[in-house]
Amino acid sequence: MLPEKFVLAERVLQVAPSPTLAVNAKAKALRAAGADILNFSVGEPDLPTPAHVCEAGKQAIDDGYTRYTPVAGIVELREAVCAKLQNDQGWDYAPDQVQVSCGGKHGLYNIFQAILNPGDEVLIPAPYWVSYPPMVQLAGGTPVIVPLKEENNFDFDPATLARYATPKTKAIVLNSPSNPTGAVFSLESLVAVAKMARDHGWLVITDDMYEELYYAEGKVPHILHADPQLKDQVVLSNGVSKSFAMTGWRIGWSVGPIEVIKAMNKIQSQSTSNPAAPSQYAALAALTGPQDFPRLLREAFIPRRAYFVKALESIPGVSCVTPMGAFYVFPNFSAYYGKSFKGQVIDGSVALADYFLGEAKVASVPGAAFGADAFIRFSFATSMERIEKGMERIKQALANLR
Ligand SMILES: *Cc1c(COP(=O)(O)O)cnc(C)c1O
């Protein structure tokens, strides 16, 4: 026990731990007690890392790449990131505009640490990825939540966005395809966002983690398609965690204006130093080797996504926007709020997810974690058989509510 008068830092008291991890812990405890839990709460692909990538990681260890690397990451990997951006998008970046970090999450953390002063506001469209608001708070900034509407397919309404902008707005975060909704911003709304960013001098942070997991033709619309001249105000965040099933290797990167990247390197040099050297070589193999893995992931996900959406929409009162990317569905269950089961009232997404876990033995993530209490997130990075079984259980559990 800490001494009685000892207090932890204010900044820690401000933020809540990741709710997705909390659901996982509860599901694990039930499973350990013998329950047959179907887990739809996981945020990672269900395929293993491609073999050639694993081999490159092992080879790096055998070749003695077990020591410090440059703080920003090995130059070969930063060059590979630049080559990818050049080949895929025609965007010109130099390796010193790239920072490799311990996952995309760590890159985003470094960005906010590098740009925010107390009182600075960051626009975060909701539903949002759970980590953005606490990351902004931990950097001393203020998250400003901009609601997106289900009936608008979670796209921007520029007029709404304008209402949340203030003279203190410093940056906006765009995550498209989105975790949790799978929604993609339209080019028209990105044109409007780009204009506002230009007029007000905002930094635009694009979390492109799911760009390879896109279910329509062509490329995901991006703010740099909407306005290529905005490049000096855009920081790209990406990584291999989702597209190459490499969540445990912890490699992501940020690409943007040299001043921002330099500031981030200063922070990284005083915190983690370089990300693990063998992981960097594995990520290099992912970027420079065969590129068919993301396609395999997409092909595995497409039938599951179709089944999931159809099954959800067949439940009375439930609506579900078809995700255009990523591997989550985000159905609206609010028609069931206010109902109850054996005296337990379902007063929101936390209570409903809890009910699903206890009664249906299905683990999911309450929408409240993403700033959208009407919804629940299910991951379809799991087998079709489990999805079918899980949907049957959900239907039954909902039918049991009075
Ligand atoms: C998974 C994820 C990340 C980062 O993942 P890392 O494992 O840290 O590379 C970033 N943004 C979103 C929206 C994600 O879902």
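This one's a predicted model, so the numbers in the text were calculated from it and none came from an experiment.

## Overview of the overall build of the protein chain
Link 1 in the chain: Of regular secondary structure, the protein chain possesses 14 helices and 14 strands.
Link 2 in the chain: Over its C-alpha atoms the protein chain spans a radius of gyration of 21 Å, differing by no more than 12% from the 21 Å that the globule rule assigns to 402 residues.
Link 3 in the chain: Taking the principal axes of its C-alpha atoms as reference, the protein chain extends roughly 60 × 60 × 55 Å.
Link 4 in the chain: In the protein chain, buried positions account for 53% of the 402 residues.
Link 5 in the chain: Within the protein chain, residue pairs in contact and separated by at least 24 positions form 72% of the contacts whose partners lie at least 6 positions apart.

## A word on the sheet that holds strand β3 (residues 121-126)
Link 1 in the chain: One open sheet holds the 7 strands; their spatial order is β2-β8-β7-β6-β5-β3-β4, and the pairing between them is mixed. Of all the strands in the sheet, the pair left with one neighbour each is β2 (98-101) and β4 (142-147). When the angles between neighbouring strand axes are averaged without regard to direction, this sheet yields 20°.
Link 2 in the chain: Bridge count for β3 against β4 is 6 bridges, and the pairing is parallel. Paired with proline 125 across the bridge in β4 is valine 146.

## Remarks on the pattern of salt bridges
Link 1 in the chain: Counted according to the given criterion, the structure contains 10 salt bridges.
Link 2 in the chain: Here arginine 393 makes a salt bridge to aspartate 36, at a shortest N to O gap of 2.6 Å. One end of the pair, arginine 393, is in helix α14 (residues 384-399); the other, aspartate 36, is in the loop between α2 (19-32) and β1 (38-39), with 357 residues separating them in the sequence.
Link 3 in the chain: The class for aspartate 36 is partly exposed, based on a relative accessible area of 42%.
Link 4 in the chain: As a salt-bridge pair, aspartate 120 and lysine 170 come within 2.9 Å of each other at their nearest N and O atoms. Of this pair, aspartate 120 sits in the loop between α5 (104-115) and β3 while lysine 170 sits in strand β5 (residues 169-175), placing them 50 residues apart in sequence.
Link 5 in the chain: Connected through shared salt-bridge partners, Lys84, Asp88 and Glu212 make up one network.

## Considerations on the site of the ligand
Link 1 in the chain: Around the ligand, the neighbouring residues are Gly103, Gly104, Lys105, Trp129, Asn175, Asn179, Asp207, Met209, Tyr210, Ser241, Lys242 and Arg250.
Link 2 in the chain: At a separation of 2.9 Å, an oxygen atom of the ligand approaches a polar side-chain atom of asparagine 179.
Link 3 in the chain: Within the side chain of arginine 250, an N or O atom sits 2.7 Å from an oxygen atom of the ligand.
Link 4 in the chain: Contact with the protein chains hides 94% of the accessible area of the ligand, taken as 390 Å² for the molecule alone.

## A short note on the side chain of glutamate 150
Link 1 in the chain: Mapped onto the elements of the fold, glutamate 150 is located in the loop between β4 and α7 (158-164).
Link 2 in the chain: Lysine 149 provides the closest opposite charge to the buried, unpaired glutamate 150, separated from it by 11 Å.
Link 3 in the chain: Here serine 319 takes part through its side chain, which lies 2.7 Å from a polar atom of the side chain of glutamate 150.
Link 4 in the chain: Side chain to side chain, glutamate 150 and asparagine 332 meet in a polar contact 2.9 Å long.

## Notes on the sheet that holds strand β13 (residues 365-366)
Link 1 in the chain: If you trace the 3 strands from one edge of the open sheet to the other, you get β9-β14-β13, paired in antiparallel fashion. Across the chains shown, the open sheet's two edge strands, defined by having one partner strand only, are β9 (328-329) and β13.
Link 2 in the chain: Bridging between β9 and strand β14 (residues 376-379) involves 2 bridges; their strand directions are antiparallel. By the bridge assignment for β14, tyrosine 328 is matched with serine 379.
Link 3 in the chain: In the packing of helix α13 (residues 349-360) onto the sheet, the strands contacted are β13 and β14, and the crossing angle to β14 comes to about 40°.

## Focus on the pairing of β3
Link 1 in the chain: Burial runs high along β3: 6 of the 6 residues are buried.
Link 2 in the chain: Taking every second residue as pointing to the same face, both faces of β3 are buried, with Glu121, Leu123 and Pro125 on one and Val122, Ile124 and Ala126 on the other.
Link 3 in the chain: Handedness of the crossover is the feature at issue here: the chain leaves β3, passes through helix α6 (residues 132-138), returns alongside β4, and the resulting connection is right-handed.
Link 4 in the chain: Relative to β5, β3 runs parallel, the two sharing 3 bridges. Bridged to leucine 123 within β5 is isoleucine 172.

## Describing the environment of lysine 84
Link 1 in the chain: Locating lysine 84 in the fold gives a position in helix α4 (residues 75-89).
Link 2 in the chain: Here the alpha-carbon distance between lysine 84 and threonine 288, two residues 204 residues apart in the chain, equals 8.7 Å.
Link 3 in the chain: Aside from chain neighbours lying at most four places away, what touches lysine 84 is Gln89, Glu211, Glu212 and Leu287.

## Observations concerning the domain arrangement of the protein chain
Link 1 in the chain: Splitting the protein chain by domain gives domain 1 (10-48 + 293-399) and domain 2 (51-288).
Link 2 in the chain: Look at where the C-alpha atoms of domain 1 and domain 2 centre, and you get two points 26 Å apart.
Link 3 in the chain: Domain 1 puts 35 residues into the contact, and the matching count from domain 2 is 29 residues.
Link 4 in the chain: With both chains or domains summed, domain 1 and domain 2 bury close to 2800 Å², and 66% of this area falls on carbon and sulfur atoms.
Link 5 in the chain: Area buried by domain 1 at its contact with domain 2 is led by Val321, Met324 and Phe370, which between them contribute 22% of it.
Link 6 in the chain: Inspection of the domain 1/domain 2 interface yields 0 salt bridges.

Reading guide: rules and limits
Residues numbered from 1 in each chain as written. Predicted model: local features only at pLDDT ≥ 70, side-chain atom pairs only at ≥ 80, totals over all residues. Heavy atoms only, no water. Helix = DSSP H or I, 4+ residues; strand = E, 2+ residues; numbered from the N terminus. Rg over C-alpha atoms; globule rule 2.2 N^0.38 Å. Buried < 20%, exposed > 50% of the residue type's maximum accessible area, 1.4 Å probe, protein only. Contact = heavy atoms within 4.5 Å. Pairing = 2+ DSSP bridges. Axes fitted to C-alpha atoms, helices over the stretch in contact; angles between N-to-C directions. Salt bridge = Lys/Arg side-chain N within 4 Å of Asp/Glu carboxyl O. Near = heavy atom within 4 Å. Polar contact = N/O pair within 3.5 Å; in protein donor to acceptor, adjacent residues only side chain to side chain. Areas by Shrake-Rupley, 256 points an atom, 1.4 Å probe, with all protein chains shown as cover. Lys, Arg positive; Asp, Glu negative; His and termini not counted. Right-handed = clockwise from strand over helix to strand, strands pointing away. Domains from an automatic or database assignment. Buried area = accessible area lost by both parts, 1.4 Å probe.

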